[in-house]
Amino acid sequence: MKRVQMIIGVVILSFFSATVLATPSKTYTPDSNAPRSSVPSAYKWKLAPLAGSDGAWEGMYRQAKKQISALPHHKGKLSTASGLSACLTDYFSLRSILDRVSMYANLKHDQDVEVERYQKMNQRSVTLMKSFQQNASFMRQELLAMDASTLSTLLADTSLKPYRAYVQNMTRRAGRMKGPEAEEVLGIVGDNLFSETDLNEIPSDIELVFKATMRDLQLPMVTDEKGKRIQLTLSNYGKYRASKDRRVRRETVEGFFGALRKYQNILAATLGGEVKRDVTLAKVRDYDRAIDAYLDRENVDPKVVDTMIRAINANLKPLHRYVALRKRLLGVKDLHLYDLYTPLVPSVSTTIRYDDAVGDILTSLKPMGKAYLGKLSEGIQPGSGWADVYPNKGKESGAFSASFWGTHPYVKTNYQNDIDDAFTTTHEFGHAMHSALNMKTQSAVNFGYSSFLAEIASTFNEAMLTDYLLKKYENDDAMSLYLLGNQLESIRTTIYRQALFAEFEKKIHEYAEAGTPLTAELFNTTYRDLVRRYYGSGFTIGSDDEIEWAYIPHFYWKYYVFTYATGLASGIALSEKVRTEGKPALDRYLAMLQSPVTANPVEVLRKAGIDPLKPDAIRAAARLMSETITKIERIVARQKKKRLQTAQYSK
């Protein structure tokens, strides 16, 4: 498994224009067009723990390449404890070097994608990792070929104790394996149900066709707020979709969806091909359903998805209240999809420099205790070398946390002195702390966590920061509205919208399993019906809105979207438990972060206090959404009353 955990942060949408909240002192002013050399070193990551220089990286690369070619020498020798122990020792030693090679090249490339040297280094590291996977594939084949009794006797040897859980987890689904010839064919067609590679890391050929189609999409020109004609692109679609000018956002969404409509048959064939491929590979492995196969890879009970979908559908009233609130605040008779991303409340000052955000984040997480805060402070403070904070010319957009066993995590943001960036920062450092605490407890063999748990620590941190800032600004109506609006949109987009996606994904796989032809018409009807049910009768569906499914890349990620909904719901619920119950809840939460990657993720979450096979966390999130709407309504009513009083006084 590639031990570079590239965890892409949840995008925090900016709903308000930025002015000034905290006056910056003598500090760097972010500039995405500035050369990297102009960014103060205290706000850049330090890669010496990975490789001291590009030259040192070359040395590690050559060493890794040599060890990869030597790994197959263990082939046919795994039937004895000494042979298996020697093989696994070499395997994990090699993986440690590969992690450093891969991480260094990836981070160097990410900090400036225009540097050709780092483009090549990154490509070489990817090729090297694929070579490693190919040369290590014999391990799984030999271990899975052993009968249970032989394997059990083998693992009882004390020399294999460090690797016992790893091997047991690897061989957990031995009954799903086919013969050598069949496995070779499955490998050729791209089946990675049993791969060491992360399931969604390497795209299938079908996904590559989807991406190519999206790149070739002929999008129309739109007219911006100032009357200027702008070419609509995939990168600026989000910006103009969120315009305060309703004409602009309507033209943007209708233009984009109209373009998708022209390609609907191609996009339906592409997605349908991916779905049928999922179903076919699951059947080859003797699974009844595709969802069973792909969730079993991480040992997740598919009932978790069913529970989440049922709970969401039983708690749609807050989303219907949201539609009514947005109608009222925007002053529109009919609420359309193109009205969902524009600011819900008036603009507010949101600028906050990084150093001040760090102070707020650390204060918000005081309930986590001194040990947690100490480690977090070590990484989040300027100069730590953990974080690459500010944008620069050529730096890849977005944010992530990346980690592997043996060195501290790395965090990338593109901090622009906006309070949204503060939420992105605490989100990514939630991931980083998950990795750091897990690393402190687990060996290199058992380090890590499943994608099912990946978004909990990050959203936990966001919930803690929101709670703290709401108290800090409780007498500031404008800031309170901003924070409440941010919380409201997070629940809508990350829980309700992702749940809708998850239900759509589940349905179209069920169509394929039943032998129903997968067509654009079927996808459109299914998606439209879900939108109508989720958003309620108060929401107006446009003529092309049903095509929204066609550009969602997550549908090619094999039952991943549901983890966003369960992750945020669990993060909200766990943060509330820690704030109200104190140490017992904190201890359970920290134990979750420190659990080995080989542990059953559903059981890990259950021990932390959230049972994903029960609807409690979703209900709590729905309740929070409803409470948030009520608070917004009260503030808006209070502001309206003040305006009326002021108007009467002025008369």
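If you're wondering where the values come from, they're calculated on a predicted model, not measured in any experiment. (Residues numbered from 1 in each chain as written. Predicted model: local features only at pLDDT ≥ 70, side-chain atom pairs only at ≥ 80, totals over all residues. Heavy atoms only, no water.)

Participant: Give me the lowdown on the overall build of the protein, citing residues and values where you can.
Facilitator: Counting secondary structure elements, the protein contains 24 helices and six strands. For a compact globule of 651 residues, the expected C-alpha radius of gyration is about 26 Å, and the protein comes in at 25 Å, within 12% of that figure. In terms of overall dimensions, the protein has C-alpha extents of about 95 × 60 × 50 Å along its principal axes. Put simply, the protein has 651 residues, and 56% of those count as buried. At a minimum sequence separation of 6, the contacts of the protein that also span at least 24 residues come to 77%. If you sum the accessible surface of the protein, you get close to 27,200 Å²; carbon and sulfur atoms cover 53% of it. (Helix = DSSP H or I, 4+ residues; strand = E, 2+ residues; numbered from the N terminus. Rg over C-alpha atoms; globule rule 2.2 N^0.38 Å. Buried < 20%, exposed > 50% of the residue type's maximum accessible area, 1.4 Å probe, protein only. Contact = heavy atoms within 4.5 Å. Areas by Shrake-Rupley, 256 points an atom, 1.4 Å probe, with all protein chains shown as cover.)

Participant: Quick one: what's the story with the packing of aromatic side chains, residue by residue and with numbers?
Facilitator: Each pair of aromatic rings is reported with the distance of its centres and the angle of its planes. The tally for this structure, following the rule as stated, stands at 28 aromatic pairs. On the basis of an interplanar angle of 55° and a centroid distance of 5.2 Å, the ring pair of Tyr28 and Tyr390 is categorised as tilted. Note that Tyr28 is positioned in the loop between strand S1 (7–8) and helix H1 (54–70) and Tyr390 in the loop between strand S4 (387–388) and strand S5 (400–402), a separation of 362 residues in sequence. For Tyr390, a relative accessible area of 1% translates into the label buried. (Phe/Tyr/Trp six-rings, centres within 6.5 Å; stacked < 30°, edge-to-face > 60°.)

Participant: Kindly report on the packing of helix H16 (residues 419–441) against helix H18 (residues 456–472), identifying the contributing residues and their values.
Facilitator: Their axes nearest at 7 Å, the elements H16 and H18 cross at an angle of 135°. Considered as vectors, H16 and H18 are oriented oblique to each other. Considering only the axes of H16 and H18, their crossing is right-handed. Side by side, H16 and H18 meet where Ile419, Ala422, Phe423, Thr426, His427, Phe429, Gly430, His431 and His434 of the first sit next to Ala457, Ser458, Thr459, Asn461, Glu462, Leu465, Thr466 and Leu469 of the second. Taken together, the residues of the contact of H16 with H18 break down into seven nonpolar, nine polar and one charged. (Axes fitted to C-alpha atoms, helices over the stretch in contact; angles between N-to-C directions. Parallel < 35°, antiparallel > 145°, perpendicular 65-115°, else oblique. Left-handed = near helix turned anticlockwise from the far one by under 90°. Nonpolar A, V, L, I, M, F, W, Y, C, P; charged D, E, K, R; others polar.)

Participant: Explain unusual backbone geometry to me, using residue names and the numbers behind them.
Facilitator: When glycine is set aside, most residues are seen to have a negative phi, and most peptide bonds are trans. Unusually for a residue other than glycine, Lys558 sits at a positive phi of about 60°. Following the sequence through the fold, Lys558 ends up in the loop between helix H20 (520–535) and helix H21 (562–581). Of note in the backbone geometry, Tyr559 takes a positive phi value of approximately 55° without being a glycine. Along the polypeptide, Tyr559 turns up in the loop between H20 and H21. Residue classification places Tyr559 among the buried positions, given a relative accessible area of 6%.

Participant: Which residues make up the nonpolar core, and what values go with them?
Facilitator: One recurring pattern in soluble globular proteins is that nonpolar side chains are buried together. Within the largest apolar cluster, 159 residues are counted, with the highest numbers of intra-cluster contacts made by Phe256, Leu260, Tyr354, Ile495, Trp549 and Tyr589. Here this core takes 16 residues from helix H19 (residues 477–513), the largest share from any one element. Those residues in contact with Phe256, other than ones at most four positions away along the chain, are Met214, Leu217, Leu219, Leu232, Leu234, Tyr237 and Tyr551. Listed in part, the 48 residues of the second largest apolar core include Trp57, Leu78, Leu98 and Tyr410. (Core = buried A, V, L, I, M, F, W, Y, C linked by side-chain atoms within 4.5 Å.)

Participant: Before we move on, can you summarise the side chain of Thr466 with the specific residues and values?
Facilitator: Examined against the element boundaries, Thr466 turns out to sit in helix H18. The residues touching Thr466, leaving out its near neighbours within four places in the chain, are Phe423 and Gln487.

Participant: Tell me about the pattern of salt bridges, and please be specific about residues and values.
Facilitator: Close approach of charged atoms lets side chains of opposite charge pair. Applying the stated criterion across every chain yields a total of 44 salt bridges. For Arg353, the salt bridge is made with Asp356, and the minimal N-O distance between the two is 3.4 Å. For Arg353, a relative accessible area of 14% puts it in the buried group. A relative accessible area of 28% places Asp356 in the partly exposed class. Within the structure, one salt-bridge network assembled from shared partners comprises Arg229, Asp245, Arg247 and Glu251. (Salt bridge = Lys/Arg side-chain N within 4 Å of Asp/Glu carboxyl O.)

Participant: Can you break down the confidence of the model for the protein residue by residue, with the values?
Facilitator: In the predicted model, the protein carries a mean pLDDT of 90, and 94% of its residues have values of at least 70. Per-residue pLDDT, averaged within each element of the protein, yields its smallest value for S1 (32) and its largest for H20 (98). This stretch, residues 1–25, has a pLDDT under 50; its non-local contacts, to residues over four places away or in other chains, come to 93 contacts. (pLDDT = per-residue confidence, 0-100.)

Participant: Outline the packing of H21 against helix H22 (residues 583–593), supporting the account with residue identities and numerical values.
Facilitator: H22 packs onto H21 with a crossing angle of 145° between their chain directions and a minimal axis gap of 6 Å. In contact with Leu574, Lys577, Val578 and Glu581 of H21, H22 contributes Lys583, Pro584, Ala585, Leu586, Arg588, Tyr589 and Met592. Tallied by class, the residues present in the contact of H21 with H22 amount to seven nonpolar, no polar and four charged.

Participant: So, the environment of Tyr468: which residues are in play, and what are the values?
Facilitator: Within the element layout of this structure, Tyr468 appears in helix H18. For Tyr468 and Leu481, which are 13 residues apart along the polypeptide, the C-alpha to C-alpha distance reads 14 Å. Discounting chain neighbours no more than four positions away, the residues touching Tyr468 are Asp360, Thr363 and Ser364.

Participant: If you had to explain the environment of Arg247 to someone new, which residues and values would you point to?
Facilitator: Inspection of the secondary structure assignment puts Arg247 in helix H9 (residues 246–262). Using a relative accessible area of 30% as the deciding quantity, one classes Arg247 as partly exposed. Placed 25 residues apart in sequence, Arg247 and Val222 show a C-alpha to C-alpha distance of 10.0 Å. When neighbours within four sequence positions are excluded, Arg247 is seen to be in contact with Thr223, Asp224 and Glu225.

Participant: Describe the side chain of Thr213, with residues and values.
Facilitator: With respect to the element layout, Thr213 can be found in helix H7 (residues 205–215). A relative accessible area of 10% means that Thr213 is categorised as buried. Apart from the residues within four sequence positions on either side, Thr213 is in contact with Tyr263, Ile266 and Leu267.

Participant: Residues and numbers for the environment of Phe257, please.
Facilitator: Examined against the element boundaries, Phe257 turns out to sit in helix H9. Once the C-alpha coordinates of Phe257 and Glu546 are considered, the two residues, 289 residues apart in sequence, prove to be 8.8 Å apart. Not counting chain neighbours up to four residues away, the residues in contact with Phe257 comprise Tyr237, Leu337, Asp544, Asp545, Ile547, Glu548 and Tyr551.

Participant: Quick one: what's the story with H19, residue by residue and with numbers?
Facilitator: Side chains three or four residues apart in an α-helix point the same way, a direct result of the helix having 3.6 residues per turn. The terminal C-alpha atoms of H19 lie 52 Å apart, and with 37 residues this matches the ideal 54 Å at 1.5 Å per residue to within 8%. Between a side-chain oxygen at the N-terminus of H19 and the backbone nitrogen of Ala478 the separation is 3.1 Å; the capping residue is Asp476. A positive backbone phi angle near 85° is found at Gly515, which sits one or two residues after H19. (Expected span 1.5 Å × (residues − 1). Polar contact = N/O pair within 3.5 Å; in protein donor to acceptor, adjacent residues only side chain to side chain.)

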